[in-house]
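In case you want the letters, here they are:
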Amino acid sequence: MALQCGIVGLPNVGKSTLFNCLSNAKAQAANFPFCTIEPNVGVITVPDERLTKLAELVHPGRIVPTTVEIVDIAGLVKGASKGEGLGNKFLANIRETDAIIHVLRCFDDENVTHVDGTVDPVRDKEIIDTELQLKDLETIESRIQKVQKQAQTGGDKAAKQTYDVLVRYKEALEQGKSARTVQFDSKDEQKIAHDLFLLTSKPVMYVCNVDEASAVSGNRYVEQVREAVQDEQAEILVVAAKTEADIAELDTYEDRQLFLQEVGLEESGVNRLIKSAYKLLNLETFITAGEMEVKAWTYHKGWKAPQCAGVIHTDFEKGFIRAEVIKYEDFIQYGSEAAVREAGKLGVEGKEYVVQDGDIMHFRFNV
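These numbers were taken from a predicted model, which means no experiment stands behind them. (Residues numbered from 1 in each chain as written. Predicted model: local features only at pLDDT ≥ 70, side-chain atom pairs only at ≥ 80, totals over all residues. Heavy atoms only, no water.)

## Here we look at the nonpolar core
Heads up, the rule is: What we call a nonpolar core is a set of buried Ala, Val, Leu, Ile, Met, Phe, Trp, Tyr and Cys residues that are connected through their side-chain atoms within 4.5 Å. For every residue, the accessible area obtained with a 1.4 Å probe (protein chains only) is divided by the maximum for its type, and the residue is called buried under 20%, exposed over 50%, and partly exposed between those limits. A run of DSSP states H or I qualifies as a helix once it reaches four residues; a run of E qualifies as a strand once it reaches two. Both are numbered from the N-terminal end. Contacts are residue-level and defined by heavy atoms, with any inter-residue pair within 4.5 Å sufficient.
Core analysis: the biggest nonpolar cluster contains 58 residues, and Leu-22, Ile-70, Ile-101 and Val-207 have the highest contact counts within it. Residue contributions to this core peak at six residues, all from helix α10 (residues 269–280). When residues no more than four places from it in sequence are discounted, the contact partners of Val-207 are Leu-18, Ile-101, His-102, Val-103, Leu-104, Leu-237, Val-239 and Leu-273.

Below is the structure:
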């Protein structure tokens with residue numbers, strides 16, 4: 001399940017520095033706009049302490065965590081929706097991602113130039129919001145032209161539904177609102193909305209890039225961002241990208257933890273960002289545990305047992321019989337699968353079972 005989050009922002013806000021912390025790939029982090037022309041893609045491991053604890057009990061041959069792809073997209077500028085600053089190419093790269101990580105500069109540094117001359121994260125956010133909304137409005141208006149006549153005079157129910165969805169989006173975008181603020185009740189409308197692949201319909205997380213002194217408690221810029229996005233139901237993360245880059249350069253886990261303690265952080269911003277990105281995509285993890293491997297598998301929250309079985313192999317879903325489920329806490333408490341069975345804590349679930357995050361699964365199937 002190759003899911004992608006795209007890192008966006010104005011030039012010189014710290015996108016590539018953050019990406020370098022997240023990935024072994026090294027994007028060029030330079031003090032000028034457009035130093036990243038092609039999007040850099042990093043496959044990022046999702047930190048999950050549960051795998052390590054299970055491995056201590058199971059002693060597998062290997063541990064296989066789950067992953068998310070992070071795409072470092074070059075800095076957008078005002079006018080990107082009309083092609084300014086290679087805007088069309090950048091917008092196309094955003095369209096291919098599943099969620100957006102929007103990096104905002106929340107630090108003062110006279111040595112790092114700002115494309116608009118002053119530090120103002122709310123203005124920066126609005127510039128990018130506007131460019132994405134304008135591009136979506138262009139998409140919507142083009143689609144309306146194609147279906148309007150058919151919807152209004154042809155008696156085509158599907159065309160009428162599509163037209164109604166488009167009109168609701170158009171009204172929101174013209175008011176300066178993103179597509180994600182529009183909610184649809186029926187499954188048909190939701191499918192039509194999804195198939196439009198609008199830029200502003202994607203879930204978004206705002207990353208406030210701060211200086212080291214503000215890494216724990218934030219600063220006035222972060223508070224401005226919080227106030228500006230309070231109605232968006234968006235996640236906000238405070239990260240000191242330059243400090244994270246320094247931590248990433250350290251050789252040992254112990255050294256990195258010591259550095260974090262000195263700064264006053266319990267967990268690195270990188271780890272928090274990856275976990276938040278995973279959550280942003282509405283993803284959860286089930287686990288398989290055996291002598292060969294302890295492995296994390298990604299599934300969409302709310303999926304039932306057969307769908308999750310299909311993540312491992314399509315045959316598992318086609319021939320699904322039942323799922324044997326152990327809760328993570330029970331496995332840790334009893335120490336082995338055999339002990340869990342003996343204690344009567346192993347659940348046997350059918351096709352309607354909704355898988356829960358951290359479930360340890362064994363699927364029975366017949367093809």
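## A look at the packing of aromatic side chains
Which entries qualify depends on this criterion: Only Phe, Tyr and Trp rings are paired, with Trp represented by its six-membered ring, and only when their centres lie within 6.5 Å; those with planes under 30 degrees apart are stacked, over 60 edge-to-face, the remainder tilted. Criterion for a charge above a ring: Arg CZ or Lys NZ at most 6 Å from the ring centre, at most 35 degrees from the ring normal.
Taken as a whole and judged by the stated rule, the model has six aromatic pairs. An angle of 10 degrees between the planes, with centres 6.3 Å apart, marks the rings of Phe-286 and Trp-297 as stacked. Here Phe-286, found in strand β8 (residues 283–289), pairs with Trp-297, found in strand β9 (residues 293–300); they are eleven residues apart in sequence, far enough to count as distant. For the pair formed by Phe-286 and Trp-297, the shared burial category is buried. Connected via pairs of aromatic rings, a cluster forms that spans Phe-286, Trp-297, Tyr-299, Phe-320 and Phe-363. Directly above the ring of Tyr-221 sits Arg-220, whose terminal nitrogen or CZ lies 4.4 Å from the centroid.

## Re the sheet that holds strand β7 (residues 235–239)
Strand pairing within a sheet occurs via backbone hydrogen bonds; the two strands may be parallel or antiparallel. Test applied: Pairing between strands requires that DSSP locate at least two bridges from one strand to the other. To obtain each axis, a line is fitted to C-alpha atoms, and for helices this fit is confined to the stretch in contact; angles are then taken between N-to-C directions over 0 to 180 degrees.
One open sheet accounts for six strands, arranged β2-β4-β1-β5-β6-β7; its pairing is mixed. Here the strands that pair on one side only, and so sit at the sheet edges, are β2 (40–45) and β7. Along the sheet, successive strands turn relative to each other by an average axial angle of 25 degrees, direction set aside. Note: strand β1 (residues 4–8) against strand β5 (residues 99–105), four bridges, orientation parallel. Along β5, the bridge assignment pairs Val-8 with His-102. This element, helix α4 (residues 121–153), spans β5 and β6 (204–209) of the sheet and lies at about 145 degrees to β5. Most of the contacts of helix α7 (residues 220–228) go to β7, to which it runs at about 170 degrees, and overall it touches β5, β6 and β7.

## Thoughts on helix α1 (residues 15–22)
In terms of burial, α1 is a largely internal element, seven of the eight residues being buried. Where α1 is concerned, the buried positions are Lys-15, Ser-16, Leu-18, Phe-19, Asn-20, Cys-21 and Leu-22.

## Let's talk about unusual backbone geometry
At Asn-12, a position not held by glycine, the phi torsion is positive, near 65 degrees. Inspection of the secondary structure puts Asn-12 in the loop between β1 and α1. Its identity is not glycine, yet Phe-197 carries a phi of approximately 50 degrees, on the positive side. The topology assignment puts Phe-197 in the loop between α6 (187–194) and β6.

## Description of the environment of Leu-134
Its place among the elements puts Leu-134 in helix α4. What makes Leu-134 partly exposed here is its relative accessible area of 38%. In this structure the C-alpha to C-alpha distance between Leu-134 and Leu-199, which are 65 residues apart in sequence, comes to 9.9 Å.

Scope: geometric values only; no functional claims are made or implied.
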